[in-house]
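Close look at the chain arrangement
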Amino acid sequence: MSAVAITPEPSIRSMRWEDLPAVLRIEEQSYEFPWTLAIFRDCLRVGYVCRVIEGPGGVIGHGLMSVGAGECHLLNVCVQPDYQRRGLGTRLVEHLLDEARRRGVRMALLEVRVSNQVAYRIYQRLGFDEIGLRKDYYPARHGREDAILLARELHA
Ligand SMILES: CC(C)(COP(=O)(O)OP(=O)(O)OC[C@H]1O[C@@H](n2cnc3c(N)ncnc32)[C@H](O)[C@@H]1OP(=O)(O)O)[C@@H](O)C(=O)NCCC(=O)NCCS
């Protein structure tokens with residue numbers, strides 16, 4: 001019998017305090033204006049839905065979402081650059097939406113930078129529609145950048 005090396009599929013699990021150094025590294029590799037450690041700590045502390053994608057060598061992505069009053073807000077979805085374009089970002093968003101559904105959420109919301117066409121297309125394909133524009137919502141290299149507000153109804 002020949003030995004076959006099987007690389008396990010990345011899996012999605014709850015974020016733990018000890019994941020934070022890896023999460024912060026990925027955040028800083030992926031965004032020009034990354035979240036700080038303090039923001040991630042606060043999200044864990046207040047009990048937001050915080051998930052990581054675990055690859056063969058450790059954490060390779062993260063997704064965070066707040067849930068309340070029948071709505072969820074996708075706050076951060078991020079995949080380590082070497083692992084992008086393999087469907088993981090889409091899987092992570094679908095995972096968060098499933099979790100929201102399980103908690104009785106009917107409406108999902110998120111903001112995306114006007115310039116972030118990759119993320120915008122993923123959300124559009126997942127059924128999100130534009131419902132507004134938040135002027136000067138994000139920091140930018142020269143001043144501020146607008147955010148597109150996207151929403152999607154969730155059915156049980
Ligand atoms: C947005 C992000 C999470 C997507 O993660 P991902 O794992 O690459 O996403 P997927 O592999 O599921 O890609 C979904 C689609 O986007 C396309 N895509 C992904 N990266 C792309 C790129 N750099 N350029 C063009 N298309 C891209 C994929 O081709 C795929 O389309 P397809 O199914 O037609 O092939 C990832 O690019 C990322 O972490 N970016 C930095 C952080 C960020 O901007 N987060 C979103 C904030 S709102």
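Structure's up top.
Anyway, here's the lowdown on the structure attached to this text. (Residues numbered from 1 in each chain as written. Predicted model: local features only at pLDDT ≥ 70, side-chain atom pairs only at ≥ 80, totals over all residues. Heavy atoms only, no water.)

Describing the overall build of the chain
Helix and strand counts for the chain come out as 4 helices and 7 strands. What you see in the chain, going N to C, is helices and strands ordered as β-α-α-β-β-β-α-β-α-β-β. Computed over its C-alpha atoms, the radius of gyration of the chain comes to 16 Å, within 12% of the 15 Å expected for a compact globule of 156 residues. Overall, the chain is about 60 × 40 × 30 Å in size when its C-alpha atoms are taken along their principal axes. For the chain, with 156 residues in total, the buried portion stands at 42%. Put simply, 60% of the contacts in the chain that link residues at least 6 apart link residues at least 24 apart. On the chain, roughly 9300 Å² of surface is accessible, and the fraction owed to carbon and sulfur atoms is 49%. A distance of 2 Å separates the average location of the 21 positive side-chain charges in the chain from that of its 20 negative side-chain charges. (Helix = DSSP H or I, 4+ residues; strand = E, 2+ residues; numbered from the N terminus. Rg over C-alpha atoms; globule rule 2.2 N^0.38 Å. Buried < 20%, exposed > 50% of the residue type's maximum accessible area, 1.4 Å probe, protein only. Contact = heavy atoms within 4.5 Å. Areas by Shrake-Rupley, 256 points an atom, 1.4 Å probe, with all protein chains shown as cover. Lys, Arg positive; Asp, Glu negative; His and termini not counted. Charge placed at Lys NZ, Arg CZ, Asp CG, Glu CD.)

Some details on the sheet that holds strand β4 (residues 71-79)
Taken in spatial order, the 7 strands line up as β1-β2-β3-β4-β5-β7-β6 in an open sheet, and their pairing is mixed. Single-partner strands in this sheet number two, and they are β1 (11-14) and β6 (129-140). Averaged over neighbouring strand pairs, the angle between their axes works out to 25° when direction is ignored. The pairing of β1 with strand β2 (residues 49-55) spans 4 bridges and is antiparallel. (Pairing = 2+ DSSP bridges. Axes fitted to C-alpha atoms, helices over the stretch in contact; angles between N-to-C directions.)

Re the nonpolar core
Of all hydrophobic cores here, the largest spans 26 residues; its most connected members are Cys 72, Leu 74, Val 112, Tyr 123, Phe 128 and Leu 150. Listed by contribution, the elements that provide at least two residues to this core are β2, β3 (58-68), β4, α3 (88-102), β5 (107-113), α4 (117-125) and β7 (143-153). When sequence neighbours within four positions are dropped, the list of residues in contact with Phe 128 reads Leu 97, Ala 108, Leu 110, Tyr 123, Leu 150, Ala 151 and Arg 152. Core analysis: the next-biggest nonpolar cluster, separate from the first, contains 14 residues, Leu 24, Ile 26, Cys 50 and Val 52 among them. (Core = buried A, V, L, I, M, F, W, Y, C linked by side-chain atoms within 4.5 Å.)

What to know about the pairing of β6
Relative to β7, β6 runs antiparallel, the two being bridged by 8 bridges. What sits directly across from Glu 130, in β7, is Leu 150. Joining the antiparallel neighbours β6 and β7 is a turn of 2 residues.

Brief notes about the pattern of salt bridges
For the coordinates displayed, the defined rule picks out 13 salt bridges. Residues Asp 42 and Arg 45 are paired through a salt bridge, measuring 2.9 Å at the closest nitrogen-oxygen approach. One end of the pair is Asp 42 and the other is Arg 45, both in helix α2 (residues 37-45) and 3 residues apart, which spans about a single turn. For Arg 45, a relative accessible area of 55% gives the class exposed. (Salt bridge = Lys/Arg side-chain N within 4 Å of Asp/Glu carboxyl O.)

Side note on the packing of aromatic side chains
Under the defined criterion, the tally for this structure stands at 3 aromatic pairs. On the basis of an interplanar angle of 55° and a centroid distance of 5.2 Å, the ring pair of Trp 35 and Phe 40 is categorised as tilted. What makes Phe 40 buried here is its relative accessible area of 1%. Ring centres of Tyr 123 and Phe 128 lie 5.8 Å apart, and the angle between their planes is 70°; on these two criteria the pair is classed as edge-to-face. The buried category is assigned to Phe 128, whose relative accessible area is 2%. (Phe/Tyr/Trp six-rings, centres within 6.5 Å; stacked < 30°, edge-to-face > 60°.)

Note that every value here comes from positions in space, so none of it alone points to a role or purpose.
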